[in-house]
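If you want the building blocks of each chain, they are given just below.
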Amino acid sequence: MKKTVFFILFTIAALSCKQKSDEVTHKHTNALIHETSPYLLQHAHNPVNWEAWYPDVLERAQKEDKLLLISIGYAACHWCHVMEKECFEDEQVAEIMNEHFINIKIDREERPDVDQIYMDAIQMISGQGGWPLNIVALPDGRPFWGATYVPKDNWIKSLEQLAELYQKDKPRVTQYASDLANGLQAINLVENDRDSELYSLEQLDAAMHNWTQYFDTFLGGHKRAPKFMMPNNWDFLLHYATTTDKPDIMEFVDTTLTRMAYGGVYDHVGGGFSRYAVDVKWHVPHFEKMLYDNGQLTSLYAKAYAATKNELYKDVVAETIAFVKEALMDQSGGFYSSLDADSLDENGKLEEGAYYVWTKEELTRLLGDDLEMFQTYFNINSYGHWEEENYVLIRDKPDEEIAEKFNITVPELKTKINECLTILKKERNKRPKPRLDDKILTSWNGLMLKGLVDAYRYLDNEDYLDLALKNASFIEREMIKTDGSLYRNHKEGKSNINAFLDDYATVIDAYFSLYEVTFDEKWLDLAKNLLDYSKKHFFDSASGMFFYTSDKDQSLIRRTIEVDDNVISSSNSIMAINLYKFHKLYPNEAYGTMSTQMLKNVQKDFGRRAQGFANWLHLVLFQNQNFYEIAILGGNCQSMGQQISKAYIPNSILVGSQKDGNLELLKNRGASDKTLVYVCIEGACKLPVTKAEEALKQL
């Protein structure tokens, strides 16, 4: 009894001490303490009176006639952390910011709708952009000044001058902001082009010729640094090369995917890709790891494996999924957003890449007799050297060449290398880990779900389907509201931001793909419901495109129409492909007409800059080549579907049922005693066959 009483008193005392300790540790606390975004919470104890982006904050700014200082970043952003330390944690800076501005902190990953507008603004102001993105705007949100990272002294001078200018010459500031706002509207206009003919294969070939001038045929990717992964570029080129028989393009895709997998941007120890390489040889990454990259690259490498049977691609898929499952998967089935670039080094100092790099002394101590083979394999030499004593692992030779050098077989080499990597991973796990951004974003989960579905489809691993179903159920359970709309974000059971167009587009795509490998119409129905909701609340009849924001959301200074394919494909291009595929299943609805019009509206820019519209270009091939609807009916439809879906056939969709189904393609085509496969084009079908090989021949 005495021990119990003592333990209770001790616990109360400890909690009291901890509370006091917290109070001492955090001298300042601002309104961001009530947010769930890890990025916003990182700033919750700055002396700056930060607030999140809410309508009441903007209303207060207008009532008080106070300028807005809008600072946008994200948790894995290195320079965002630098500016926080130099400026936003500084009390002198905070005093100026608090006196003259209403200060708003935004996580660009939670609020891409706001980020898009102000990123366009800063590019119009300065000709360049990036994060942290710092904007000074009128109380109604119209911007008139912007910068990215700014050192403390320059930051103070800039803010003082801007505040003084607004007080002394408000009409001039207001006029500039009005002109800039008009410019922001103008650059986002999309013409509804009803008169042009659809883009032809001849035009596409010419656009491809222009694009090839930028190819780095030796190291892969484009001739520039930094090099971003750009999965949609290589995904389209894989499609183009295989369906138009372009071996030179296929060779370039293979070079790019191989070099990326060999490079330091790929984590050879733990799997998964970093965000981009700072050099031309994919060697030294900006070390943050993003879910959206790894989801798209899982899908890309799975397709490439299906097209080439290159075992390297299969290994990349397996290791990337293992990384995502280990580091980014929540027990609920959702996937977290990212790992930071920075982590603590051996001296307790935050350093970019500290978690991932190795010194030769460490490798010598850990690998012993296997060091020579390992350092040959991963270039622990001048080619793999980064800075100071550090090396970033990078390959530049195939397994066969190194196995021959050491007079062993390729399987023996792989076994040895994997043993070394296991030792390094065990050692690396002792290091302080990079910070985790554990918010869950719907669109990025849609991309990862599609990656898992494609991995199951082309690699035939049931574990990938199990992961996909778990994630798909999470999205259905936590992200879809009772009115059929979506949430954008989720963390610890809370969601508070309405979804944007990319959330709908990626989940529709992923659910459609999940239906194709399961033939469970639940996923198709969910996808169609989301598509119809998007049509109702996002579609702009004037332009024939979709707005990025819903008509139910707070009005900003612009409703953005996103069309450029960047590191993630644009929400409109994904939606246009969704509409095209749904047209094949529901031909009596207007999906096909909408998709075709969307393509016409953007095709004028393809010849000039095809790589910026790579995802749209799938539609050019769909429209100009045969597109197959493959329908499977009968008791063996599931296994027959698995056999057919392993083949890389990008210009097709797959439907199936054990008996006549509700879809037009599945009506009145079943046979009681056998499983039939129909290969159709626009609903017109060839004679059914009973074997997967026969169906593939018809394609």
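Residues numbered from 1 in each chain as written. Predicted model: local features only at pLDDT ≥ 70, side-chain atom pairs only at ≥ 80, totals over all residues. Heavy atoms only, no water.

Side note on the pairing of strand 20 (residues 652-657)
Within strand 20, six of the six residues are buried, leaving the element largely enclosed by the surrounding structure. Residues of strand 20 alternate between two faces, with S652, L654 and G656 on one and I653, V655 and S657 on the opposite face, all of them buried. Viewed along the sheet, the connection from strand 19 (residues 628-633) through helix 25 (residues 637-645) into strand 20 turns out right-handed. (Buried < 20%, exposed > 50% of the residue type's maximum accessible area, 1.4 Å probe, protein only. Helix = DSSP H or I, 4+ residues; strand = E, 2+ residues; numbered from the N terminus. Right-handed = clockwise from strand over helix to strand, strands pointing away.)

Quick look at the side chain of D279
Turning to its location among the elements, D279 is positioned in the loop between strand 6 (276-277) and strand 7 (285-286). Of the side chains with opposite charge, K281 comes closest to the buried, unpaired D279, at an N-O distance of 6.1 Å. Of note is the side chain of D279, whose polar atom sits 3.1 Å from the backbone nitrogen of W282. Filtering out sequence-adjacent residues up to four positions away, D279 remains in contact with A225, K227 and V284. (Lys, Arg positive; Asp, Glu negative; His and termini not counted. Salt bridge = Lys/Arg side-chain N within 4 Å of Asp/Glu carboxyl O. Polar contact = N/O pair within 3.5 Å; in protein donor to acceptor, adjacent residues only side chain to side chain. Contact = heavy atoms within 4.5 Å.)

Focus on the sheet that holds strand 6
A sheet is described by the order of its strands in space; here three strands give the open sequence 5-6-7, paired in antiparallel fashion. Edge positions in the sheet fall to strand 5 (227-228) and strand 7, since each of these pairs with one other strand and no more. The pairing of strand 6 with strand 7 spans two bridges and is antiparallel. Paired with A277 across the bridge in strand 7 is P285. (Pairing = 2+ DSSP bridges.)

Some thoughts on the pattern of salt bridges
Under the defined criterion, the tally for this structure stands at 44 salt bridges. Among the salt bridges present, the one from E476 reaches K522, with a minimum N-O distance of 3.0 Å. Of this pair, E476 sits in helix 19 (residues 462-479) while K522 sits in helix 21 (residues 521-538), and the two are 46 residues apart along the sequence. Note that E589 and K528 form a salt bridge whose closest N and O atoms lie 3.1 Å from each other. With E589 in the loop between helix 22 (571-585) and helix 23 (591-602) and K528 in helix 21, this pair connects stretches of sequence that are 61 residues apart. When salt bridges that share partners are traced, they join D107, E109, D437 and K439 into one network.

What to know about a negative patch on the surface
Taken together, E361, E387, E388 and E389 make up a surface patch of like negative charges. Secondary-structure assignment places E361 in helix 14 (residues 360-367). Overall, E361 belongs to the exposed group, its relative accessible area being 51%. (Patch = residues over 30% accessible without salt bridge, like charges linked within 9 Å, V, L, I, M, F, W, Y side chains within 5 Å. Areas by Shrake-Rupley, 256 points an atom, 1.4 Å probe, with all protein chains shown as cover. Charge placed at Lys NZ, Arg CZ, Asp CG, Glu CD.)

A few points about the packing of aromatic side chains
On inspection of all chains with the given rule, the structure shows 35 aromatic pairs. Look at Y504 and Y533: their rings are 5.6 Å apart centre to centre, the planes differ by 5°, and that puts the pair in the stacked class. Note that Y504 is positioned in helix 20 (residues 501-518) and Y533 in helix 21, a separation of 29 residues in sequence. Exposure remark for Y504: the relative accessible area of 2% places this residue in the buried category. On the accessibility criterion, Y533 (11% relative accessible area) is buried. Among the aromatic side chains, those forming a connected cluster through ring pairs are W211, F215, W234, F236, Y240 and F252. Across from the ring centre of W50, 5.3 Å away, lies the NZ or CZ of K105, which sits over that ring. (Phe/Tyr/Trp six-rings, centres within 6.5 Å; stacked < 30°, edge-to-face > 60°. Lys NZ or Arg CZ within 6 Å of the ring centre and 35° of its normal.)

Description of the nonpolar core
The biggest cluster of nonpolar side chains holds 191 residues, and the ones touching the most others in it are W155, F236, L237, Y301, Y511 and W616. Ranked by residue count, the leading element in this core is helix 20, at 11 residues. Residue contacts for F236: discarding those within four places in its chain leaves L204, M208, W211, A614, L617, H618 and L621. Formed by 21 residues, the second largest nonpolar core is a distinct cluster that contains L58, I72, M119 and A137. (Core = buried A, V, L, I, M, F, W, Y, C linked by side-chain atoms within 4.5 Å.)

As for the sheet that holds strand 22 (residues 684-685)
In spatial order, the strands read 20-19-21-22; together these four strands make up an open sheet with mixed pairing. Looking at the sheet topology across the chains shown, the edges are occupied by strand 20 and strand 22. Two elements, strand 21 (residues 676-681) and strand 22, share two bridges in a ladder whose sense is antiparallel. Within strand 22, the residue paired with I681 across the bridge is A684. Packed onto the sheet, helix 25 meets strand 19, strand 20 and strand 21 and runs at close to 150° relative to strand 19. (Axes fitted to C-alpha atoms, helices over the stretch in contact; angles between N-to-C directions.)

Some words on the side chain of T376
One can find T376 in helix 15 (residues 371-377). Excluding anything up to four places from it in sequence, T376 contacts I402, K405 and F406.

Observations regarding the state of the cysteines
Applying the stated criterion across every chain, the model contains two disulfides. Here C77 is linked by a disulfide to C80, with a sulfur-sulfur distance of 2.2 Å. Looking along the S-S bond of the C77-C80 disulfide, the torsion reads about 80°, which is the right-handed sense. Taken as a pair, C77 and C80 share a single burial class, namely buried. No disulfide involves C637; its sulfur sits 15 Å from that of C680, the nearest cysteine. A residue is classified by how much of its surface remains accessible, and C637, at 4% relative accessible area, is buried. (Disulfide = S-S within 2.5 Å.)

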